[in-house]
Amino acid sequence: ATSGTITASGVTNITGSATEINAAHNNGELTSLDSDFTVTISGTASAANANTIMGYTSGIVTATVTATGAVADLNTALSNAASNDALTLVLNATSVAAADLNTLDGKTSVAINANSIATMTGTAADVKTALDSSGITEDGGIEVTVTGTAAATDLTAIATATSGTITASGVTTITGTATAINAAHNNGELTSIDGDFAATVTGTATEDELTALNGYTTGAIDASGVTAITSGTAADVAALISDGTVT
C-alpha cells in the first residue's frame, strides 16, 4: 500500500492467526517493530508456531496451543514460553513425569487441563508440587508411583491429594520427625512402602515412636538429628540404640 518508510515501533499489541503474525513480523517493511509487543493469537496455534512468536517478543503471548503428545516433548517445543504467557493447554497424554508437568506449569499463567493424565511418576516432592498446584487441573484420581527420598509430610499430602493408587515401594529413604514418618508408614493409602526403607529422623521424638519406627523397617535409622527424646527411660533408649539399627 505504500513505498514509504513504516515506523511500527509504537505497536503495542499484534493480533491475528499465527501465520499472519509471523508474516507481519518477518515483513521487510516492518523491521521497526519493537521486541516487547504483546500478542493475541486467534484460533489454535501449533506449539512450534506459538514458540516462534514467543521468540520475537518479551511481551505476553496469549494463545490456545495444541498440546498433544508427551509433556516432555511439549516442554521442548515451548522453549521460549515464560510464566506470564497466557497459553491455554489441554493435554492428551495419559502418563507424565511430575517434574515435566511442573516445568510446563511454569510456562503459562493459565491452568493446564491435565484431566487426561492417569498415571504420574517422580519424587514425592515433585508429585506433591504437581498435585497441589493451582496451575494444574486434574481429576483427583491419578495413580502415582513415588521413588527416591521422600519427606514424610509429602507422602501424606500425596495420599490426601489423590484417590488413585499410590505405589511407594520405590521410596528408599523417608525423612522427617518420628511422628511424621510413622504417620506416613501407617497411612492406609501408603501400604506399598517397603519394609527396608532408610529413615532420617529430626526434631523431637519419644522412645515409643523410635521403637515403633525401628519395627517398621530393616533399613538404617539415622536419629542424629533428633534434638530431644521427650519420654522413655534411659534404659529403654539405651536398648534401642544398642542393636545398632538406630544411630
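Just above sits the structure.
Quick summary incoming for the structure in this document. Keep in mind that what you see is a predicted model, and the values were worked out from it rather than measured.

### Looking at the overall build of the chain
Here is step 1: Per the secondary structure count, the chain includes nine helices and 12 strands.
Here is step 2: Relative to all contacts within the chain whose residues are 6 or more apart in sequence, the contacts with residues 24 or more apart total 53%.
Here is step 3: Accessible area for the chain stands at about 11,100 Å²; split by element, carbon and sulfur atoms hold 51% of it.

### Focus on the side chain of Asp85
Here is step 1: Structurally, Asp85 is set in the loop between α3 (71-77) and β4 (86-89).
Here is step 2: No salt bridge forms around the buried Asp85; measuring N to O, its nearest opposite-charge neighbour Lys107 is 8.7 Å away.
Here is step 3: At a separation of 2.8 Å, a polar atom in the side chain of Asp85 contacts the main-chain amide nitrogen of Ala82.
Here is step 4: Each residue touching Asp85, except ones within four places of it in the same chain, is listed here: Met54, Gly59, Ile60, Val61, Asn80, Lys107, Thr108 and Ser109.

### Looking at helix α1 (residues 18-25)
Here is step 1: Ala18, Ile21 and Asn22 are the residues of α1 that are buried. Angular distribution of buried residues about the axis of α1 spans 100°; they occupy a single face of the element. The exposed set on the far side of α1, more than 90 degrees from its buried face, consists of Thr19 and Glu20.
Here is step 2: Buried residues along α1 sit against β1 (13-16), β2 (38-45) and α2 (47-54).

### Focus on the side chain of Asp154
Here is step 1: Inspection of the secondary structure assignment puts Asp154 in helix α6 (residues 152-161).
Here is step 2: Apart from residues no more than four positions distant in its own chain, Asp154 is found in contact with Ala124, Ala125 and Lys128.

### A word on the environment of Gly225
Here is step 1: Mapping Gly225 onto the fold places it in strand β12 (residues 221-229).
Here is step 2: Through-space distance from the C-alpha of Gly225 to that of Thr202 is 4.5 Å; in sequence the pair is 23 residues apart.
Here is step 3: Apart from the residues lying within four places of it in its own chain, the contact partners of Gly225 are Val201, Thr202 and Gly203.

### Let's talk about the sheet that holds strand β10 (residues 166-176)
Here is step 1: Read across the open sheet, the six strands follow the order β5-β7-β9-β10-β11-β12; overall the sheet is parallel. Here the strands that pair on one side only, and so sit at the sheet edges, are β5 (95-97) and β12. Here the average twist between neighbouring strands, direction ignored, is 20°.
Here is step 2: When strand β7 (residues 119-123) meets strand β9 (residues 143-151), the two strands line up parallel, connected through five bridges. Note that in β9 the partner of Met120 across the bridge is Val144.
Here is step 3: On the sheet, helix α5 (residues 124-132) packs against β7 and β9 and is oriented at approximately 130° with respect to β7.
Here is step 4: Where α6 meets the sheet, its contacts fall on β9 and β10, and the angle it forms with β9 comes to roughly 165°.

### Regarding the sheet that holds strand β3 (residues 61-65)
Here is step 1: The strand order across the open sheet formed by four strands is β1-β2-β3-β4, and the pairing between neighbours is parallel. A strand with exactly one partner marks an edge of an open sheet, and here the two such strands are β1 and β4. For this sheet, the mean angle separating the axes of adjacent strands, direction not counted, is 10°.
Here is step 2: Here β1 pairs with β2 via four bridges, running parallel.

### Quick look at the packing of α1 against α2
To describe two helices that pack against each other, one gives the angle between their axes and the distance between the axes.
Here is step 1: Axis separation between α1 and α2 bottoms out at 10 Å; the angle between their running directions is 35°. The hand of the α1/α2 crossing is left-handed. Contacts from Ala18, Ile21 and Asn22 of α1 reach α2 at Asn49, Thr52 and Ile53.
Here is step 2: Classifying every residue of the contact of α1 with α2 by side-chain character gives three nonpolar, three polar and no charged.

Rules of the game
- Residues numbered from 1 in each chain as written.
- Predicted model: local features only at pLDDT ≥ 70, side-chain atom pairs only at ≥ 80, totals over all residues.
- Heavy atoms only, no water.
- Helix = DSSP H or I, 4+ residues; strand = E, 2+ residues; numbered from the N terminus.
- Contact = heavy atoms within 4.5 Å.
- Areas by Shrake-Rupley, 256 points an atom, 1.4 Å probe, with all protein chains shown as cover.
- Buried < 20%, exposed > 50% of the residue type's maximum accessible area, 1.4 Å probe, protein only.
- Lys, Arg positive; Asp, Glu negative; His and termini not counted.
- Salt bridge = Lys/Arg side-chain N within 4 Å of Asp/Glu carboxyl O.
- Polar contact = N/O pair within 3.5 Å; in protein donor to acceptor, adjacent residues only side chain to side chain.
- Arc of directions from axis to C-beta.
- Pairing = 2+ DSSP bridges.
- Axes fitted to C-alpha atoms, helices over the stretch in contact; angles between N-to-C directions.
- Left-handed = near helix turned anticlockwise from the far one by under 90°.
- Nonpolar A, V, L, I, M, F, W, Y, C, P; charged D, E, K, R; others polar.

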